[in-house]
Every structure is written in C-alpha cells, then in structure tokens.
Amino acid sequence: MGSSIGAKPSSDFKPLDKILKSMPKAGKGELIPLLQAIQNAYGYLPKDILAEMSRRTGIEPSTIYGVATFYEQFYLEPHGRHTVKCCRGTACHVKGSSRIIRTLQQNLGVEPGGTTEDMEFTFETVACLGACALAPVMVVDGTYYGKMTYRKVDTVLNSYRQASKENA
Amino acid sequence: MSEITVTINERRLTGRPGQTILELAADNGIDIPNLCHDPRLTPTGACRLCLVEVEGQRAPVTACTFGIADGMVVRTETEEIRRLRKTVLELLFYEHRGVCTTCNEHGHCSLAKYAYEYQLDDGIFQAGRAGDRDENCMTGNEAIGYDVDKCIRCGRCIKICEEVQMDAALTFKGRAAAVEVSTFFDIPLNESTCELCGQCISTCPTGALYERKAEGKGQRKDLTRTRTTCPYCGVGCQIDLNVNTHTGEIVRVTSPVGVVPNNGNLCVKGKFAMDFVADTRRLTTPLIKRSGKFQQATWEEAIELIAGRLREIKANHGPDSIAGLSSAKCTNEDNYVFQKFIRAAVGTNNVDHCARLCHASTVAGLARAFGSGAMTNSIAEIRNAGCIFVIGSNTTEAHPVMALDIKQAVAKNRAQLLVADPREIDLARFAKLYVAQKPGTDVALINAMMNVIIAEDLHDKKFINRRTENFDALAEVVKDFTPEKAEAITTIPAEKIRQAARIYANAASASIVYSMGITQHTTGTDNVLSLANLAMLTGNIGAESTGVNPLRGQNNVQGACDLGALPNVYPGYQSVEDENIRAKFEEAWSAELPQNKGLTVIEMLHAVETGDIKALYIMGENPALSDPNLNRTRKALEAVDFLVVQDIFLSETAQYADVVLPATCFAEKNGTFTNTERRVQRVRRAVAPPGQAREDWRIISEIATQMGYPMAYDSAGEILDEIASVSPIYGGISFKRIDAVGLQWPCPDKNHPGTKFLHKDKFTRGKGKFHPVEFKDPAELTSGKYPFVLSTGRLLYQFHTGTMTRKCSAINQVSPAGFVEIHTEDAASLGIEDGQKVEVATKRGKVTTLAKVTDNIGKGWIFMPFHFQEGPANMLTIDELDPTAKIPEYKVCAAAVRKISSAD
C-alpha cells in the first residue's frame, strides 16, 4: 500500500554515500536527480546532507537551495511517511472537496502543508490533479481515491495507520 | 569581418563582433533603459526593460542579450516600444513598494528614474507587497541590509556574487511572487560564503540592498561624492566617499564601474571599514606626558617641546642618536617631508618604515636581479596571463580586489593557476595545481622547479643569451637540486614539483604573484632572487602579462619607499652613499647631508638597548603591536629617552610616548598614494579633521622650522612638484596629470605616458642577473619543547594592527577575535577542540588565543593572524633578520601549543 518513506536521522551520511557512488560525476547538470535521490532516501532534504553533498560535488550550496526551493516536489522539512493530497480544482470543488478538506483537517489535526506529530501524514492540497472525471479526488502516496466523500476519509486514513502498526 | 554596420534610430553606427545592441548603443550615447544590466556581468535579459524593435524580428528583443549583425536596423524609442516598457515598469512596481521618501537610494535609483521618465500612474507605487517585512538572511547584519519589498528580482546581486566575487553566497529562494534573495537555508550572511564585499549593493539598481550604516544618514541625492584612494591595502582601489554635507559624516563608500584599477569592485574594508574616520576616540589635541599621565597641550607647547628636546639630544649625542619611523599609511607628500626632515633638519639617515617588515627583501632582491624593486607588471595584465604562479600570497584575504582578477583569469580566460602555500588558501580551489610547502622552504621548491625546467630543456635560451648574465652559475647550483631532494625538504611530492615546473615553463605567458610568504624570512632576499631566476630562466619578464609581481601590503608602502623613507636611499631610490647624488640633494634642500646610510626599523629598536638611539619619532606606525618579539620591542619603546608619536589614535605605541600629536587621516587631506603597480593616485579631502588634528607634513614642517631648518609648503601639490624635481621616476607627475587616472612610474617627464610594465627591452640594470641561491634553514627549527612551525599573517576582515578596522562594528561582528589554526590531527592528539582556549608559546613569550581546528593547514604547522592586541602573535615571533634586507622572520619560528584546562 503506497511507498513508505520514513524520516531518517539526518546526520546519517550512508544513504548519501550510496547516491554519490551511483552518480560518480554528478555536477550542476544532475542537481535535480541528485535532490530527488536524496529526498527518496531521507524523506526530505536535510540541511546537513545538502551541505555535505555540496562539499563532495562542488555544487554551490546557494545553487542547491535555489533549486530545492523552486520546485514544489522538494521538501526541506521532515515529511510524513504518507502524503495525502486533496484536489481543490473546479470540478472537485463543485463536487464537495472543501468538506473533504475540512474532514481531513479534523482527522489529522493539521492545516494543509502540515505534518502530523507522529510523522505519519503530510497533508497538502492541490490546485488540480487533472482527474476531473473522478471528482472529487484524494491521493495518498501514489494511490488515487476517486469519487471521494468526506465519510470515507476516516476509513482510508485508518487503513494506512493500521499498515504502519503491522509493519512496526 | 571586423566591423559591423548597424542602424539605430536611423543613425548608421559601426560595431565590433560580439557586441550587443545595448553595448553598441551605450558606446554611441544612445540610452536604452535597463535594470538588470551591469557591464561586469554576463547579460540575462531578466528585467525586460531594454526591449527594442529589430527589423525582421517578429517580436521586440532585449537589447542586452541580442548580438548585433551587419545591416541590422534597430529602433529603441517607437511608440509601441515605449508602451511596452511602461507596462514592464508597472509590473515591476507590483513587486516593489514605491517608498522613495524613506529610501537611502533616493536620487540615484534606476527604477525611480524610469518611473518618472515613463510617467507611471501614481496609484501603482503602493501596489508592492506592503508590510511584508519578515526576517531575512541579512537581518541583524551590521554591514548589509536587504528590503525584500524594494527588490525587483533582477538577479544582479546573485550574479555579481557568483561571477565577479565568486563566492556564490546568494540565490533566489522560492518561486513566483514569493521569490526573494537569500542564502543557503537562509543562514545569516556572516555564516555563509559571503565575504561582505558589498558588491551586491554596488550593483543593486534600487534600494533593496543597502549599507546598514547608511540608513537614515542621508539620501543619495543629499550626498556629495569625493573621489579618493582606499586607505587599506596596496591595490589602490578608487573610492568615492559619499559625505552628508549637513553632518559632515561619511555615509557610505561607492566606486563606479570603469575606474582603474578596480572597475567599481571593492572589498569589505574599502566598502565598510570607514567608521574609524569619525570615531570618537580620534586624537584631537596634542598630548604631553607629565608624571606618567597624558595632558592636553597646545600645538605651540608641543612643537616647542619636541624641537627643544631633539635639538638638545642632537647637541649632546649627535644626529645619529635620533631616528624616525615614517609611515606607509601616510601620503607621498607626508613621507617626502618626513625623510627630508630627518635627513636635512636632524641630520641623520636613520629613517625607515614598515616596508622593512613586509617587502624589504623585495626591494633588495629585485634591485639586484633587475635593477629596480617593484611590481614589474600591472594588475590588469594578470587577466590575460597564461599561467599565474601564486606563492606566499593569500591574495583573496590580503589583496581581495586583485584576487578578483586572478579568479577572472582562471574562470574566463582559462589561465592555469599554480598555488604554493603552506595553507590551503581560498585560491587553491581555482588552481590547476596546489602544493603545500613546509614554511621556510621556498628556495628548495623553486630551485627544484628550475632543475626540472633545465633538465627538460624548457628554458628560454634566446632570452637567457640576449638579456641576462650569470646563467651558468645558476645552472651549476640547481643541477643537483632534483625534485626528490626538494621533496625531502618541502614535503611536496616530487611529481607535483615536476608538474608545477612544466605548467609554469610551458605557458605562453606566466606571471608570478607573491607577497609576504616569500619576503618575511631570514632568507627573504634569497626567496625573491629565486623567483627572479625562475622568471628570467623562462623569459617571463619584460613582456605583457608576465613578470615578478610583489603585492605590496599597505596603501602607500610603495610610495613611502619611492619617496626615500629608507635609510639608504633618497627619493627615487638614489643612493645616499653616492657623492654626486648627495651633492644634488644638498643643493636642492640647502643643507649638509649625512654620508652614511642609517639604521633599519629593528636595528633602531635594538640600538635603543645599547644606548645609541636616544630619541624616536614615529609617524603613523604601531611597532608595539606590529614588530616581532614584542616583549623586547616594548622594552625599547619604554627605555628610549624621548619618544614622539604622531597618529590618528592613541595606539599601543602612542601609550609609550612623551608627546603625542594628532594627525589627519586619509579622508581629511590632499595628496597622493602609490599603489602596488607603481600607480600614483590622488587622495582628496572629503571631511574636516577632528579637533585640532593637522596634516602630517604640516606638523613636520613646523617642527623642522622650529629646529632651525625652515620648511614651508602651502599645499600637498606644491610638495609633489618638489618631489618631481628631485626624483626622476616621478619627474612627470603632478596633481593635474593624475586628476582622472593615476600614472605609473617611471614617468620621467611631463609628456611621458607612464610605464605599464618594466624591463621591456632592457633591464633597469642593463642585463638581468641570475643569482644562484643555496637552500638555507630558517633561523629557528622545531624542537621537542617547541614542536610546531608557527607562521603569522593577515585576515580579510582586518588590517595590520586593527587600529582602523577594529573600530568598525560590521568588522567586529564577523571577526571579533584572534585564533590559531591547527590541523585536525594535531588538535586531536593534544585534546584540543575547535573554539577552545589554548596557549601558544615560543622561547620569547606566550599568549592565549582560541583554537581553529582545520584541515587546511599541514600537520605540524600552525598559523596566527597578527591583528589582535589581545593575544598578540608578535609576542611569539622571532626578531632574527635577513642579512641583506634586515626583514624579520615572521613566517617561521618554533612554537608549542597546549590546551588551557579550567585549572589554569
């Protein structure tokens, strides 16, 4: 059920070692794939890992930060194991996505953009997912939940919580 | 095709290949509005204001990025273009709050200028992100401030930081409307790679980036600008002191693009460290020490006392019992008058200054090899050198604006940079090859390089035959100096020495850049001679972008030497021991002059111990902190019968004085400084002196007159004219000729254009002379008790004894205290952690400082900056001298380091 990315303690350089080994001549031109790999390994882009990456690749720290803050896909703060995205495009809005967003807020106890204290979920809203035929749509990690209703929110979220418990 | 014809606004113009429309227009006085353009930077086309119409193009193009082509037809001011530009400006104002009334830049802001020109609707000015004033990476920084609401995201600050300063401290953070300029993870500026050069402010087209100190001190429109020469290092940057005429205060320092030699670039000291001028601790009246305490005195009292005491000492002990220290901080005119006073009024050649402590070995060594002891080539030539060999110069810290040229040469012109330094200095990251020689082993490295060059037949035989002498003797000495032998001495792998030799010898043009890492040794003259040998061996001298280039430390150390503040020469390096020359000066100065050369700086202080020197007159120097072996130096200052100190602050040295005289600083006087490339440049008065402070030359003239040797000048210009009349190398130099751009000596007559590089067809001494040099150990070697090699040096943020820089809050914020650099492994074995208190000791003394643990220094070697009076490095340094140049060995002595435990 979805990819599970846990936040690792950021001073662990081993995943970075592995990434840089697999991309031995990585420079400015490979910055985006490098950042993606680091985010995959660490769950977000930790400052000290990026500083170390800068030292080893010679890419200026400021350049790294500029790129990391430009793209929506990169996170500079620890991220939940699961990402919940709710669409608030026109079609979804008409079909009641604002109610779903409110329910998610209540269930998770965080505003859009926030991460739950137990690091289980990061909650985001999206301008349009481009899946209007399924409106209203909610996505958890890679899984789409079409024709959502606010009543189903608890069930969906609980299934992820349950899975985490079993894995632990 | 070398010429391109372009029609702009119906005018036929001729341009060069590679030019942009904007550049061609600017060359021909056609103003195309722009906000993101700076000639120092690669064009971006980000602001969209320079849109022009080009026939055949479907849409308007940005003039700053669009290259010219033959037959091109451009229109810059059509109705459509003006309408578009107005829209662009309106859009910019959606991101920029129009708060001109409270903005520093008011009166100089490009955005406001265009808003007026294009008559934007008033309503637009408050459209910006009003009130959005979150903290940013510059909040709390004492030097630079950033107001995001005034930023138009042109990106110039980011580009200048990356392309010119090459620090890449800044970036755009975020996207769309939220974009702002920031550092890596928004860390405070002083923790980033920023060097506080302030270039970002200099290029900002609005008031978004500003000098923190200038806030509320006067808007740009209310400031008068006076062009003068920076008072810090020897590069001689041209600066404009922006003075608020109502308060008489220097509000900010700027430098326009295009000035020689710095092209609008400045470093942190030139840009920000001018607080000292208006510091309340400036000396404002003469002080006389009575029963151990300084009391204010009138000028009449002070001058009478000094003249009386000097006359008395001269009568009782002879003129050679008096000695004077002139100053590399003072103007050429001050120095000329000072040495004339010592020679003609006092009657001794005991005059010297701190050049003795920095480049005496350069003057001695290069004079022997080439015939004149100065930088052979010009700063600008560095940019086109094929190879740049930097040895014993931490250029980015000690000559920051010169370092920009070295970095440009590598980045833009693919120069091959060789760096040899015991510490992995910042320039090493630009180097093709970096080698770390053990401190004090430079001769071994250079001899081995020459061994390789001769063995591999890379030397320039034609040059050697035609232009030099004594080559065989050199070849004989370096014959056995193999890289393997040098490896054992320097610790540099033999293969790297070979590589270095090949890179240097094979370059189309190679320029040697060195500084005190070469000169401050007991073998300083040998080191300089070795570099001269290396240059002559490969024919890298007497031509463009080659040469042996000593970077002089003080703003006017070149000038102080040129003007004869040395014990063996009159102004213009004319020997005091030459009868004909002496006769010339006796006639010019109407005085009988002494025949023997005088004492050097350290010799003077040592002569106090023996009772030979009874009186010292010190103008603008601080030996109580700058001289080696401070315990001994300070005892001498204490012991001397009569000590006069003339300065702008009550320095460490002034504390020992019997009389202290308040002098004007660079911003309060007229005159000239001569920079490291022999360029004589103007110093201009911009503010009034504090209290009763007077120009140095005026004070000296009055004392001389009181002593019975009348000296009277109306102005500094009059002194410069006298200098020109007695010193042939300055023969053609006058205030009038250097009003816009300085002239480089030798400039023998009024029509001479100055000399860009020396020794073109002929060396000053005729033929260049090889001086074979054997390797010698430093004076003090490490031992069981003192196992570390200690070197001292400079920091970017400080200057010399800190008398000026440490009065600046921006500097104190970033560089509050001294330290000792020690290798990670050495620190670990001594149980020392970064930032911990440690004691550094040598045979001569011990000091407490903080450990800076680093991998950038070799194992067994340590480094301390000498700027700090708390824990002064010169308590530790050795006062052994180079036998020829009498320069002390600041760069090598044996030291011990220990952790200070809480019990201490």
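Along each chain, residue indices are assigned from 1 in the same order as the chain's sequence is written. For naming, the first written chain is A and the first written ligand is 1, with later ones following in the order written. Reporting of local features is limited, given that this is a predicted model, to residues whose pLDDT is at least 70; pairs of side-chain atoms are given and counted only at 80 or more, and all residues count toward the totals for whole chains, interfaces and linings. Values shown for side chains rest on all heavy atoms present in the structure; no hydrogens or waters enter the calculation.

This next bit is on the overall build of chain B. Looking only at helices and strands, one finds 28 helices and 37 strands in chain B. Over its C-alpha atoms chain B spans a radius of gyration of 29 Å, differing by no more than 12% from the 29 Å that the globule rule assigns to 904 residues. With respect to the three principal axes, the spread of C-alpha positions in chain B is 85 × 70 × 70 Å. Here's how the labels work: a residue is buried when its accessible area is under 20% of the maximum for its type, exposed when over 50%, partly exposed in between, all with a 1.4 Å probe on protein chains only. Burial status across chain B gives 64% buried among its 904 residues. Runs of E in the DSSP output that reach at least two residues are strands. Runs of H or I that reach at least four are helices, and both are numbered from the N terminus. Both definitions apply: the radius of gyration is a C-alpha atom measure, and the globule rule equals 2.2 Å times residues to the power 0.38.

Once that is clear, we can look at unusual backbone geometry. A negative phi holds for most residues other than glycine; trans holds for most peptide bonds. Residues and elements named next belong to chain B. The step from Val 260 to Pro 261 runs through a cis peptide bond, and the omega angle for that step is 5°. If you trace the backbone, Pro 261 turns up in the loop between β12 (249–254) and α6 (268–272). The linkage connecting Trp 745 with the following residue, Pro 746, adopts the cis geometry, with an omega of 0°. The residue Met 166 is not glycine, and still its phi comes out positive at about 55°. Locating Met 166 in the fold gives a position in the loop between α4 (156–164) and β7 (171–173). Even without a glycine there, the phi angle at Leu 196 is positive, about 55°. Along the chain, Leu 196 turns up in the loop between β8 (180–182) and α5 (199–203).

Two strands qualify as a pair provided DSSP detects at least 2 bridges between them. The strand order β32-β36-β33-β35-β34-β37 (chain B) describes a closed barrel built from six strands, whose pairing is mixed. When the angles between neighbouring strand axes are averaged without regard to direction, this sheet yields 45°. Every axis corresponds to a line fitted to the C-alpha atoms, with the helix fit spanning only the stretch in contact, and the corresponding angles, defined between N-to-C directions, vary from 0 to 180 degrees.

Turning to the domain arrangement of chain B, a few remarks are in order. An automatic or database domain assignment supplies the start and end points of every domain. Domain annotation for chain B reports domain 1 (4–77), domain 2 (313–356 + 556–737), domain 3 (376–550) and domain 4 (788–899). The C-alpha centroid of domain 3 of chain B is placed 43 Å from the C-alpha centroid of domain 1 of chain B.

What follows covers the layout of surface pockets. Buried and open spaces are told apart on a 1 Å grid over the protein atoms alone, a cavity being a set of points where a 1.4 Å probe fits but cannot get out and a pocket being an open set with protein on both sides within 12 Å along at least five of seven lines. Residues with an atom within 4 Å of a point are the lining residues. Grid points are joined across faces, edges and corners, and a volume is the space filled by probe spheres set on the points. Here the largest pocket defines a volume of roughly 1700 Å³. In terms of lining, the largest pocket is formed by 42 residues, of which the most central are Ser192(B), Thr193(B), Asp426(B), Lys852(B) and Asn856(B). Elements supplying a minimum of two residues to the lining of the largest pocket: α3 (47–57) and α4 (61–70) of chain A together with α11 (395–398), β33 (819–823) and β35 (845–854) of chain B. Three classes are used: nonpolar for Ala, Val, Leu, Ile, Met, Phe, Trp, Tyr, Cys and Pro, charged for Asp, Glu, Lys and Arg, and polar for all others, with Gly counted as polar. Partitioning the lining of the largest pocket into residue classes produces 19 nonpolar, eleven polar and twelve charged.

Residue and element names in this part refer to chain B. The strand order β10-β11-β12 describes an open sheet built from three strands, whose pairing is antiparallel. Only two strands of the sheet have a single partner each, and these edge strands are β10 (223–229) and β12. The mean angle between the axes of side-by-side strands here comes to 30°, regardless of whether they run parallel or antiparallel. Note: strand β11 (residues 238–244) against β12, five bridges, orientation antiparallel. From the neighbouring strand, Val 243 faces β12, where its bridge partner is Ile 250.

Once that is clear, we can look at the side chain of Glu124(A). Of note, Glu124(A) is situated in strand β2 (residues 121–126). We call two residues contacting when some pair of their heavy atoms lies within 4.5 Å. In this structure, Glu124(A) is in contact with Tyr75(A), His79(A), Thr83(A), Val84(A), Lys85(A), Cys86(A) and Gly113(A), ignoring residues within four places of it in sequence.

The next point concerns the confidence of the model for chain A. Residues and elements named next belong to chain A. Here chain A averages 88 in pLDDT, and 93% of its residues register 70 or above. Values of pLDDT, which run from 0 to 100, indicate the predictor's confidence residue by residue. Looking over chain A, one finds the lowest element-wise mean pLDDT in helix α7 (residues 153–167), namely 88, and the highest in α4, namely 95. Low confidence marks residues 1–8, where pLDDT is under 50. Its contacts with residues over four positions away, or in another chain, come to 18 contacts.

Attention shifts here to the interface of chain A and chain B. At the interface, 16 residues of chain A touch 16 residues of chain B. When two parts are brought into contact, each loses some accessible area as probed by a 1.4 Å sphere; the total of that loss over both is the buried area. Interface area lost by chain A to chain B is led by Lys47(A), Ser62(A) and Tyr65(A), which between them contribute 46%. Should a side-chain nitrogen of Lys or Arg be within 4 Å of a carboxyl oxygen of Asp or Glu, the pair is scored as a salt bridge. One can count two salt bridges joining chain A with chain B. In this structure, Arg175(B) and Glu72(A) form a salt bridge, with 2.9 Å as the shortest nitrogen-oxygen distance. What qualifies as a polar contact is a pair of N or O atoms within 3.5 Å, subject to a donor-acceptor requirement within protein and to the restriction that residues adjacent in sequence count only when both atoms come from side chains. Summed over the shared surface of chain A and chain B, the number is seven residue pairs in polar contact (both at pLDDT 80 or more). Looking at the side of chain A that touches chain B, the elements with two or more residues in it are α3 and α4 of chain A. Broken down by element, the residue count for the side of chain A that touches chain B peaks at six residues, all from α4(A). Here the side of chain A that touches chain B is built from residues that sort into nine nonpolar, three polar and four charged.

All names here are of chain B. For the coordinates displayed, the defined rule picks out 58 salt bridges over all chains. With a closest N to O distance of 2.8 Å, Glu 722 and Lys 340 form a salt bridge. One end of the pair, Glu 722, is in helix α26 (residues 716–726); the other, Lys 340, is in helix α8 (residues 332–346), with 382 residues separating them in the sequence. Here the two residues Glu 722 and Lys 340 agree in accessibility, since each one is buried. Its salt-bridge partner being Arg 632, residue Glu 609 comes within 2.7 Å of it at the nearest N-O pair. Of this pair, Glu 609 sits in helix α22 (residues 601–609) while Arg 632 sits in helix α24 (residues 630–639), and the two are 23 residues apart along the sequence. Relative accessible area serves as the criterion here: at 45%, Glu 609 is assigned to the partly exposed category. Under the relative-accessibility criterion, Arg 632 is labelled partly exposed at 29%. Through salt bridges that share partners, Glu 105, Glu 211, Arg 220, Arg 252 and Lys 271 make up one connected network.

A few words now on the packing of helix α2 (residues 31–42) of chain A against α4(A). All names here are of chain A. For the pair α2 and α4, interaxial distance at closest approach is 11 Å and the crossing angle is 75°. What the angle tells us is that α2 and α4 run roughly perpendicular. From α2, Leu 31, Ile 32 and Leu 35 reach across to α4, where they touch Thr 63, Ile 64, Val 67 and Ala 68. Residue classes in the contact of α2 with α4 are distributed as six nonpolar, one polar and no charged. The scheme is simple: roughly parallel for angles under 35 degrees, roughly antiparallel for over 145, roughly perpendicular for 65 to 115, oblique for anything else.

So, about the packing of aromatic side chains. Two rings from Phe, Tyr or Trp (for Trp, the six-membered ring) form a pair when their centres are within 6.5 Å of each other. A pair whose planes differ by under 30 degrees is stacked, one over 60 is edge-to-face, and the rest are tilted. Under the defined criterion, the tally for this structure stands at 20 aromatic pairs over all chains. The interplanar angle of 45° and the centroid separation of 6.1 Å between the aromatic rings of Tyr573(B) and Trp745(B) together place this pair among those described as tilted. Of this pair, Tyr573(B) sits in the loop between β23 (569–570) and β24 (574–575) while Trp745(B) sits in the loop between β30 (743–744) and β31 (768–769), placing them 172 residues apart in sequence. When its relative accessible area of 26% is taken as the criterion, Tyr573(B) is described as partly exposed. For a lysine, the NZ atom is tested; for an arginine, the CZ atom; a charge sits over a ring if that atom is within 6 Å of the ring centre and within 35 degrees of the ring normal. A cation over a ring is seen here: Arg99(A) above Tyr150(A), with NZ or CZ 3.8 Å from the ring centre. A cation sits over an aromatic face here: Lys807(B) above Phe649(B), 4.0 Å from the ring centre.

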